[in-house]
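Here is how the chains run, residue by residue.
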Amino acid sequence: MNESQLKSMLTEFAEPVTFRPPQRRPYPWKFVVASAAGICAVTAVFLMTPRVSEAAQAVHRMELALANVSTMTCDQYIHYGDRPDTWAMHTDYAHGAWKMRSRIGTSMEITFLVRDGVVFRYDKKHGSVVREPYQGWLGNLSSALEFAKQQTNFGLTEPPQVHIEDSPAMKGRPTYTLVMERAEDEYYTRILVDRQTDLPILSETSVRYGKNEALQHVRMVYNFSPNLTPSQFDPASFGPPIIDLRTAMKAFLEESKRPMAAVGETQIHRVEATPTGTVYVLTSCPKDGDTRAVTASGGDSSTYCIAGMTSPGGTWGDTDIHTLEQADGRSFSVTTFVPVDPGKIPQRLRIGVGPAQAKVVETGHATLPVTRIRADRPAYTAALIMDQAIDQVRISQESVRADWFRDHDRFEEELKYRWRAYHEAVAFIPRFGELRVSALATCLRKLGRDEEADRVIRELGPQPVKRFP
Amino acid sequence: MLGKLSFTQRSPGVGELPFDPMPFMDEVTRYAYFRLGSREDAEDVAAQVHHAALRARTVDNPRLYLLGIARRKVADNLRRRKGIRFAPLSAADRASSSFSDAVHLHRDVAAVLRSISDDHREVLVLKYVVEMSAEEIATLTGRTPAAVNSLLQRAREAFANAAGDQFQEELP
């Protein structure tokens, strides 16, 4: 055998293996005639392409196919700028019921189960399941079609330009690609569609949240007709007892009718301290007011700093049930204070009240007993959907302490808390650690430790991401 | 859930791509087939490569770029399973080939390819099917051109030995 013979054998062997251009599939007239009204309605709402082009017909076929889906799973991947893909959400859908596992891989992972007009919110980290009426804040979940639209149009209100491109077969199945663009909005989405079923295989959309933000890419990977069982949509399968939000709210508001103190129009309902000395002060004020706890000080001169202010339901929506404004017209808020000296818990605290603004202005105060709690947060936070907001406040505690020492020129102590703040952030979401590195390096430089500062930035700061390939 | 977003910049649209990947997709598919031995897997890899190409910004050598992606995708695929199989091509595939004794040839070559190492298969397909130079293969695989030539020589001998033949160098 010589080289020519070898080449001849290999090229002849390879010749039949070609990139198969997808074949156009005849328009499914039978299906379309039966659903003509549906087509018109969907077309008007969704892509609103002015002329019935081949691309528009393909979109209609995909919409019809999606509207008839009874079970589906979908995975969402996101990456920012040059960063690699992150698996962000997994969705199961079966006969009108939805289960969405969101913020996968972070400390803020939440699973939503929506069925029969009710949403169950499972917080795995905090071991709570809260049930409440579904008021639409996860989007329109009436069908797989509505879900897919929301995952690809991102609130686009005007019709994009749509065209079809050929694409290679996927797992032996012919495909085509629907590309949607709208120059005015600089909108771009690409959907790979199974030519045999007209169902999407995956979609990719690029977005930017703000001018200075990195470009974000969202990729959705669909799987249709998976074997999903009813037990997967049973809220009891989460494990923890289910808290009914309306019942919990009613009990909470009933208790709140007996505040510990009133300072002007502001009522102070609870003052609670965790074993590490963190103090949570629950206050309410009239709906149009903005006052809350702004200072705390111990009788033994211990010093407290504000670590954060949060209100119920701020994470997921401001429906009446979340803000508590429905029942008595008052707005509730929680102020978190951290002692500069952790672990010191006074018997009583002087709580100052004032408007919620950057500059602390105290308009009145009350000295109140402190209730010690065993947990790291008050018991009402699960029912008020505040656990994750409290988490975000909690991870800022060490930074707050560090800032206090910085402002008092005590840089060695500042450094100790800068390091703690860094480790807290890494434990919460690894990438968050990068956000603490700059302040850490600045502190090291103030102590004359320039080489260490450089090393910290080099080794712990934002790392360049290698492009693929 | 993701709310309404404003779009201030988009990914490159098809008309803005730095190159058209389609002319290279046959080579990509064949390369993947030689490495994986399965038409379906090769098409999967080709599909992934095609989609990755749509993200490309600036590319000096489209063929090298696409084969580079394919190489990574093939490696991922190989990690997930053991061995290659060179499944028989369908009747339609065989009918589209241009040689007379396609079935026998395919069976023989498939058996030979199965018996040689993955490195040898890769360098043979790059040289004789994709028709790359030793320098291009070196760039793609991270070897020196001399190492590629050496590997190529061993691959030819391995192929010939497996075919029950003896490889003979052609005189220039």
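Keep in mind the model is a prediction, meaning the values are calculated, not measured.

Peer 1: Got a minute to help me understand the overall build of chain B in this structure?
Peer 2: Of the regular secondary structure elements, chain B holds eight helices and zero strands. When each of the 172 residues of chain B is scored for burial, the buried share is 52%. Taking the intrachain contacts of chain B between residues at least 6 apart in sequence as the baseline, contacts between residues at least 24 apart amount to 70%. Of the roughly 8,200 Å² of accessible surface on chain B, 48% is carried by carbon and sulfur atoms.

Peer 1: So what exactly am I meant to see when it comes to the sheet that holds strand E16 (residues 291-298) of chain A here?
Peer 2: The strands making up a sheet are joined through hydrogen bonds of the backbone, oriented either antiparallel or parallel. Residue and element names in this part refer to chain A. A sheet is described by the order of its strands in space; here three strands give the open sequence E16-E19-E20, paired in antiparallel fashion. A strand with exactly one partner marks an edge of an open sheet, and here the two such strands are E16 and strand E20 (364-369). Within this sheet the neighbouring strands show an average axis-to-axis angle of 30°, counted without direction. Sheet analysis places E16 next to strand E19 (residues 348-355), joined by seven bridges and oriented antiparallel. By the bridge assignment, Thr295 is partnered in E19 with Gly352.

Peer 1: Which parts of the structure should I look at to understand the environment of Ile191 of chain A?
Peer 2: Positionally, Ile191 of chain A belongs in strand E9 (residues 187-194). When the C-alpha atoms of Ile191 of chain A and Ile164 of chain A are compared, they prove to be 9.6 Å apart, with 27 residues separating the residues in sequence.

Peer 1: Just to check I follow, could you spell out the pairing of strand E6 (residues 128-133) of chain A for this structure?
Peer 2: Residues in a regular strand point their side chains to alternate faces of the sheet. Residue and element names in this part refer to chain A. Sheet topology note: the strand E5 (residues 118-123)/E6 ladder contains six bridges and is antiparallel. Following the sheet pairing, Arg121 is matched in E6 by Val130. The antiparallel hairpin formed by E5 and E6 contains four residues in its connecting segment, where Gly127 sits at a positive phi of about 65°. With three bridges joining them, E6 and strand E12 (residues 242-244) adopt parallel strand pairing. Across the sheet, residue Arg131 finds its bridge partner in E12, namely Asp244.

Peer 1: Quick question: what am I supposed to make of the packing of helix H1 (residues 25-36) of chain B against helix H2 (residues 39-53) of chain B here?
Peer 2: How two helices pack is summed up by the angle between their axes together with the distance between the axes. Residues and elements named next belong to chain B. Between H1 and H2, the shortest axis-to-axis distance is 8 Å and the interhelical angle comes to 135°. Classed by the angle they form, the pair H1 and H2 counts as oblique. Crossing geometry of H1 relative to H2 is assigned as right-handed. For the pair H1 and H2, contact is made by Met25, Val28, Thr29, Ala32, Tyr33 and Leu36 and by Arg39, Asp41, Ala42, Val45, Ala46, Val49 and His50, respectively. Residues of the contact of H1 with H2, tallied by class, amount to nine nonpolar, two polar and two charged.

Peer 1: Would you take a moment to explain the nonpolar core for this structure?
Peer 2: The nonpolar side chains of a soluble globular protein tend to be buried with one another. Within the largest apolar cluster, 51 residues are counted, with the highest numbers of intra-cluster contacts made by Leu10 of chain A together with Leu124, Leu126 and Phe159 of chain B. Residue assignment for this core shows that the elements contributing at least two residues are helix H1 (3-14) of chain A together with H1, H2, helix H3 (62-80), helix H5 (102-115), helix H6 (118-129), helix H7 (134-141) and helix H8 (145-162) of chain B. Contact partners of Phe159 of chain B, with chain neighbours within four places excluded, come to Met1, Leu6, Met9 and Leu10 of chain A together with Val109, Val112, Leu113, Ile116 and Leu124 of chain B. In this structure, Val69, Leu141, Leu145 and Val218 of chain A belong to the second largest nonpolar core, which totals 38 residues.

Peer 1: Please explain the pattern of salt bridges as it appears in this structure.
Peer 2: Oppositely charged side chains are able to pair whenever their charged atoms sit close together. Residues and elements named next belong to chain A. Going through the model one piece at a time under the given rule, you end up with 30 salt bridges over all chains. Here Arg115 makes a salt bridge to Asp116, at a shortest N to O gap of 3.4 Å. Arg115 sits in the partly exposed class, given a relative accessible area of 29%. On the basis of relative accessibility, which here comes to 67%, the residue Asp116 falls in the exposed class. Here Glu414 and Lys446 are joined by a salt bridge, their closest N and O atoms 3.3 Å apart. With Glu414 in helix H11 (residues 411-428) and Lys446 in helix H12 (residues 434-446), the pair connects residues that are 32 residues apart, well separated along the chain. Judged by its relative accessible area of 36%, Lys446 is partly exposed. One connected set of salt bridges, linked through shared partners, spans Asp403, Arg406, Asp407, Glu414, Arg418 and Lys446.

Peer 1: Help me out: how do you make sense of H11 of chain A in this one?
Peer 2: Side chains that are three or four residues apart share a direction in an α-helix, a result of its 3.6 residues per turn. The end-to-end C-alpha distance of H11 of chain A is 25 Å, a good match for the 26 Å that 18 residues give at a rise of 1.5 Å each. Buried residues in H11 of chain A make contact with helix H9 (387-394), helix H10 (397-407), H12 and helix H13 (450-460) of chain A.

Peer 1: It is not clear to me how the side chain of His90 of chain A should be interpreted in this structure. Could you clarify?
Peer 2: On the secondary structure map, His90 of chain A appears in strand E2 (residues 86-94). In contact with His90 of chain A, other than residues within four places in its own chain, are Thr73, Cys74, Asp75, Lys99, Met100, Arg101 and Ile104 of chain A.

Peer 1: Whenever I open this one, the confidence of the model for chain A confuses me. Can you help?
Peer 2: Should pLDDT be low for a region, the predicted coordinates there are not to be read in detail. All names here are of chain A. A residue-level look at chain A finds 79% of positions with pLDDT of 70 or above and a mean pLDDT of 77. Here residues 21-52 is a poorly scored stretch, pLDDT under 50, and it has 47 contacts once near neighbours within four places are set aside; other chains count. The model gives residues 314-319 a pLDDT under 50, and that stretch makes 14 contacts with residues more than four places away or in other chains.

Peer 1: I would appreciate a short explanation of the packing of aromatic side chains in the present structure.
Peer 2: By convention here, two paired aromatic rings are described through the distance between centres and the angle between planes. All names here are of chain A. Under the counting rule described, the total for this entry stands at six aromatic pairs over all chains. Relative to Tyr417, the ring of Phe405 has its centre 5.5 Å away and its plane inclined at 0°; by these criteria the two rings are stacked. Here Phe405 is found in helix H10, whereas its partner Tyr417 is found in helix H11, with twelve residues between them in sequence. Summarising the burial analysis for this pair, Phe405 and Tyr417 share the class buried. A centroid spacing of 6.0 Å and a plane angle of 90° characterise the contact between Trp419 and Tyr422, whose relative ring orientation is edge-to-face. On the criterion of helical spacing, the pair formed by Trp419 and Tyr422 is a turn pair, its members being three residues apart in helix H11.

Peer 1: Honestly, the confidence of the model for chain B in this entry has me stumped. Any pointers?
Peer 2: Residue and element names in this part refer to chain B. Model confidence for chain B is summarised by a mean pLDDT of 71, while 66% of its residues fall at 70 or above. Mean pLDDT per element in chain B: helix H4 (residues 91-95) is the minimum at 37, and H6 is the maximum at 90. Across residues 1-16 the pLDDT falls below 50, and counting only partners more than four positions away or on other chains, this stretch makes 49 contacts in the model. Scored below 50 in pLDDT, residues 87-104 shows 23 contacts in the model against residues more than four places distant or in partner chains. The ipTM assigned to the predicted complex is 0.77, against a pTM of 0.55.

Peer 1: I would appreciate a short explanation of the side chain of Arg156 of chain B in the present structure.
Peer 2: Residues and elements named next belong to chain B. Structurally, Arg156 can be placed in helix H8. Take Arg156: its relative accessible area is 9%, and that puts it in the buried class. Only 3.1 Å separates the side chain of Arg156 from the side chain of Gln153, close enough to count as a polar contact.

Peer 1: What am I meant to see in unusual backbone geometry here?
Peer 2: Among all residues save glycine, negative phi is the norm, and among peptide bonds the norm is trans. Residue and element names in this part refer to chain A. Phi is positive for His95, close to 50°, though the residue is something other than glycine. With respect to the helices and strands, His95 occurs in the loop between E2 and strand E3 (97-102). Of the residues examined, His95 reaches a relative accessible area of 66% and is grouped as exposed. Phi at Asp198 takes a positive value of approximately 65°, unusual for a residue other than glycine. Residue position: Asp198 is located in the loop between E9 and strand E10 (200-207). Looking at Asp198, the relative accessible area reads 4%, which means it is buried.

Rules used throughout
- Residues numbered from 1 in each chain as written.
- Chains lettered and ligands numbered in written order.
- Predicted model: local features only at pLDDT ≥ 70, side-chain atom pairs only at ≥ 80, totals over all residues.
- Heavy atoms only, no water.
- Helix = DSSP H or I, 4+ residues; strand = E, 2+ residues; numbered from the N terminus.
- Buried < 20%, exposed > 50% of the residue type's maximum accessible area, 1.4 Å probe, protein only.
- Contact = heavy atoms within 4.5 Å.
- Areas by Shrake-Rupley, 256 points an atom, 1.4 Å probe, with all protein chains shown as cover.
- Pairing = 2+ DSSP bridges.
- Axes fitted to C-alpha atoms, helices over the stretch in contact; angles between N-to-C directions.
- Parallel < 35°, antiparallel > 145°, perpendicular 65-115°, else oblique.
- Left-handed = near helix turned anticlockwise from the far one by under 90°.
- Nonpolar A, V, L, I, M, F, W, Y, C, P; charged D, E, K, R; others polar.
- Core = buried A, V, L, I, M, F, W, Y, C linked by side-chain atoms within 4.5 Å.
- Salt bridge = Lys/Arg side-chain N within 4 Å of Asp/Glu carboxyl O.
- Expected span 1.5 Å × (residues − 1).
- pLDDT = per-residue confidence, 0-100.
- Phe/Tyr/Trp six-rings, centres within 6.5 Å; stacked < 30°, edge-to-face > 60°.
- Polar contact = N/O pair within 3.5 Å; in protein donor to acceptor, adjacent residues only side chain to side chain.

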